[in-house]
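Topology and contacts: notes
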Amino acid sequence: MEKKKVKNIFVEGPIAASFIADDIAKHSTKKNIGAHSIFLGQVRNDSINGQEVKAIEYTTYVDMALEKMTEIREEIFAKYPLTCMHIYHSLGSIKAGEICLFVFTSSERRRAATDACNEVVERIKNELPVWGKEIFTDNTHQWKENTI
Amino acid sequence: MEKKKVKNIFVEGPIAASFIADDIAKHSTKKNIGAHSIFLGQVRNDSINGQEVKAIEYTTYVDMALEKMTEIREEIFAKYPLTCMHIYHSLGSIKAGEICLFVFTSSERRRAATDACNEVVERIKNELPVWGKEIFTDNTHQWKENTI
Amino acid sequence: MNATIQIMAFGKVAEIIGSVNFTMQHIASTNLLKEYLLQLFPELSKVKFAMAVNKKLITTDTAIDVSANIALLPPFSGG
Amino acid sequence: MNATIQIMAFGKVAEIIGSVNFTMQHIASTNLLKEYLLQLFPELSKVKFAMAVNKKLITTDTAIDVSANIALLPPFSGG
């Protein structure tokens, strides 16, 4: 099998709304697109045992994560008639209220974009070797586990 | 039954990426949000009988549309645990490549936001009295009909 | 009889009728109104359209009150 | 024997081991490696973790080649 190009998805720090806007604006030249679906993950200030989460610190096993993401990307493009797909995941410390995940799918008709977006988010949460360390306001921490 | 406040959803002209960014940025103060789902409708340059769509002109029966939208909004909030929901639909002439629909749902956990977003888009397309007149490059036109 | 009803036409229906808003003599029910409009504008028979009475979509023959607002609604195509 | 393997630990596993990357003597299979690590770091028995060999998640006992890269992966929590 031909080796596919591995794209980076990781960005240091939170994902800015202006970055999202730039990415949306770039698609106005692709006039065969009829639908965009966007998922944004935002860090929540959950209360756990009386302590509030003030930030999540994300780390990854980058080589394995990008290989897995390349595989997911290929499978999603094979399954849905997408025009394009963009994925960004934060690393480092992301404060409550900040955005840590940005999944952006586009297609001619809406079903492909929305179904693909949902599936990619699901797969990112389940299959990418990424870990979130929840930092509480008193600077103690616990390791996050994704719930379904 | 108490009369609910009718919110406007209609904006004149296309929806700018910077407008979407501002709306996203406003949510960083709502720290109980964990997931945002966004749907964007973009005008496609479809080819129909050899003519290319260069724009869609949207008109509405505004009173009826806003009453219906208020009803949809209430039903969606009753069905899904959403933190908030924002909806904008363009009126007037929207060129191919420009954005004409912006649906934005937010929730603590991702399923509510994504399911609600999909359902609202579906209901907007099926239930709102809005009409799109497809303008071709030779300035002839045809009335759009939504396909499933 | 001076009783009137308000008619609003949209999309392709407005295009055929050549007018978006107009007032006409009172007609007692939506089926009768539709019949009347089809006589007046035979082109309308080529278009599917629904009707709303006072902003409510109707699906069966409905009585029309004096000074009701009637809307003629071709298939929706928003979004 | 000078054969070694590279171990990378992540998340809570790295915290317990106190080191993110380290080199150790070659061990023939993932089950044997896990046993060895649990002896060395008894705290690890309180954590669920999976292993990857050369970036591939393994689900059954797997032979470890000399100079393999092994990763110790607690439950993922990205997104």
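Please refer to the structure higher up on the page.
To keep things clear, this report deals only with the structure shown in the data block. Note that this is a predicted model, so its numbers are computed, not measured. (Residues numbered from 1 in each chain as written. Chains lettered and ligands numbered in written order. Predicted model: local features only at pLDDT ≥ 70, side-chain atom pairs only at ≥ 80, totals over all residues. Heavy atoms only, no water.)

1. With respect to the overall build of chain C
On a plain count of helices and strands, chain C comes out with 2 helices and 5 strands. Over its C-alpha atoms chain C spans a radius of gyration of 12 Å, differing by no more than 12% from the 12 Å that the globule rule assigns to 79 residues. The contacts of chain C with a sequence gap of at least 6 include a subset with a gap of at least 24, amounting to 51%. Distance between charge centroids for chain C: 9 Å, based on 6 positive and 5 negative side chains. (Helix = DSSP H or I, 4+ residues; strand = E, 2+ residues; numbered from the N terminus. Rg over C-alpha atoms; globule rule 2.2 N^0.38 Å. Contact = heavy atoms within 4.5 Å. Lys, Arg positive; Asp, Glu negative; His and termini not counted. Charge placed at Lys NZ, Arg CZ, Asp CG, Glu CD.)

2. Overview of the interface of chain D and chain A
Taken together, the contacts link 18 residues of chain D with 23 residues of chain A. Buried area between chain D and chain A, summed over both chains or domains, comes out near 1,800 Å², and the portion from carbon and sulfur atoms is 57%. Counting the surface chain D buries against chain A, the share from its top three residues, Lys55, Phe76 and Gly79 of chain D, is 40%. On the surface where chain D and chain A come into contact, there are 2 salt bridges. The salt bridge partner of Glu67 of chain A is Lys55 of chain D, with a shortest N-O separation of 2.9 Å. At the junction of chain D and chain A, the tally comes to 11 residue pairs in polar contact (both at pLDDT 80 or more). (Buried area = accessible area lost by both parts, 1.4 Å probe. Salt bridge = Lys/Arg side-chain N within 4 Å of Asp/Glu carboxyl O. Polar contact = N/O pair within 3.5 Å; in protein donor to acceptor, adjacent residues only side chain to side chain.)

3. A word on the environment of Cys117 of chain A
All names here are of chain A. Secondary-structure assignment places Cys117 in helix H3 (residues 110-127). C-alpha of Cys117 to C-alpha of Ile76: the two residues are 41 residues apart in sequence and 9.3 Å apart in space. Excluding anything up to four places from it in sequence, Cys117 contacts Ser37, Ile38, Phe39, Val103 and Thr105.

4. A short note on empty space enclosed by the protein
If you roll a probe as big as a water molecule over the atoms, it shows you where there is empty space left. All chains considered together, the criterion is met by 1 cavity of 30 Å³ or more. Among the secondary structure elements, those contributing two or more residues to the lining of the largest cavity are strand E2 (35-42) and H3 of chain A together with strand E2 (35-42) and helix H3 (110-127) of chain B. Of the residues contributing to the lining of the largest cavity, the split by class is 6 nonpolar, 6 polar and no charged. (1 Å grid on protein atoms, 1.4 Å probe; cavity = no way out; pocket = protein on both sides within 12 Å on 5 of 7 lines; lining within 4 Å. Points joined across faces, edges and corners; volume = space filled by probe spheres on them. Nonpolar A, V, L, I, M, F, W, Y, C, P; charged D, E, K, R; others polar.)

5. So, unusual backbone geometry
Even without being a glycine, Asn139 of chain B presents a positive backbone phi close to 70°. With respect to the element layout, Asn139 of chain B can be found in the loop between strand E7 (130-136) and strand E8 (141-143). For Asn139 of chain B, a relative accessible area of 54% corresponds to the exposed category. Here Asn54 of chain D, not a glycine, exhibits a phi torsion of approximately 50°, which is positive. Looking at where Asn54 of chain D falls in the secondary structure, it is placed in the loop between strand E3 (50-53) and strand E4 (56-58). (Buried < 20%, exposed > 50% of the residue type's maximum accessible area, 1.4 Å probe, protein only.)

6. A word on the arrangement of the chains
By contact count, the dominant pairing among the 3 pairs of chains in contact is that of chains A and B. At the C-alpha level, the nearest point of chain A lies 10 Å from chain C, with no contact between them.

7. Quick notes on the pairing of strand E6 (residues 99-107) of chain B
Residues and elements named next belong to chain B. Of all 9 residues that make up E6, 9 are buried, and the element is covered over most of its length. One ladder, built from 7 bridges, connects strand E5 (residues 82-95) with E6; its direction is antiparallel. Across the sheet, residue Met85 finds its bridge partner in E6, namely Thr105. The hairpin formed by E5 and E6 contains 3 residues between the paired strands, and Gly97 there has a positive phi angle of roughly 95°. (Pairing = 2+ DSSP bridges.)

8. Looking at the relation of the copies chain A and chain B
When chain A is fitted to chain B, the residual RMSD is 0.0 Å, and the transformation amounts to a turn of 180° plus an axial shift of 0.0 Å. Put plainly, the chains are arranged around a two-fold axis. Taken together, the interface assignments show that 100% of the residues at the interface of chain A recur at the interface of chain B, consistent with an identical surface on both copies. (Least-squares fit on C-alpha atoms with pLDDT ≥ 70 in both.)

9. Concerning the side chain of Arg73 of chain A
Residue and element names in this part refer to chain A. For Arg73, the location among the structural elements is in helix H2 (residues 62-79). Summary of buried charges: Arg73 has no salt-bridge partner, and the nearest side chain of opposite charge, Glu74, is 7.7 Å away. Residues within four places of Arg73 in sequence aside, it is in contact with Lys7, Ile9 and Met85.

10. With respect to the state of the cysteines
Note: disulfide means a covalent bond formed between the sulfur atoms of two cysteine side chains. Counting across every chain of the model gives 0 disulfides over all chains. Looking at the unpaired Cys117 of chain B, the closest cysteine sulfur is the one in Cys117 of chain A, lying at 9.1 Å. Its relative accessible area of 2% is what places Cys117 of chain B among the buried residues. (Disulfide = S-S within 2.5 Å.)

11. Here's the deal with the side chain of Ser77 of chain D
Looking at where Ser77 of chain D falls in the secondary structure, it is placed in the segment after strand E5 (69-73). According to the relative accessible area criterion, Ser77 of chain D is buried, its value standing at 1%. A distance of 2.9 Å separates a polar side-chain atom of Ser77 of chain D from the backbone nitrogen of Gly132 of chain A. A polar contact of 3.0 Å, which involves the side chain of Ser77 of chain D, links it to the backbone oxygen of Lys144 of chain A. Those residues within four positions of Ser77 of chain D in sequence are excluded, and the remaining contacts are Tyr58, Val130, Trp131, Gly132, Lys144, Glu145 and Asn146 of chain A.

12. A look at the sheet that holds strand E2 (residues 21-25) of chain C
Residues and elements named next belong to chain C. Read across the open sheet, the 5 strands follow the order E2-E1-E5-E3-E4; overall the sheet is mixed. At either margin of the open sheet sits one strand with a lone partner, and together these are E2 and strand E4 (56-58). Each strand axis lies, on average, 30° off the axis of its neighbour in the sheet, ignoring direction. In terms of strand pairing, strand E1 (residues 4-9) meets E2 through 5 bridges, oriented antiparallel. Bridge pairing in E2 links Ile5 to Met24. (Axes fitted to C-alpha atoms, helices over the stretch in contact; angles between N-to-C directions.)

13. Things to note about the pattern of salt bridges
Side chains that differ in sign of charge can pair as their charged atoms come close. Applying the stated rule across the entire model yields 22 salt bridges over all chains. Glu67 of chain A is paired through a salt bridge with Lys56 of chain D; the nearest N and O atoms lie 3.5 Å apart. Of the two residues, Glu67 of chain A sits in helix H2 while Lys56 of chain D sits in strand E4, which places them in two different chains. Relative accessible area serves as the criterion here: at 22%, Glu67 of chain A is assigned to the partly exposed category. Among the charged side chains, a salt-bridge network with shared partners connects Lys68, Glu71, Glu75, Arg123 and Glu127 of chain A.

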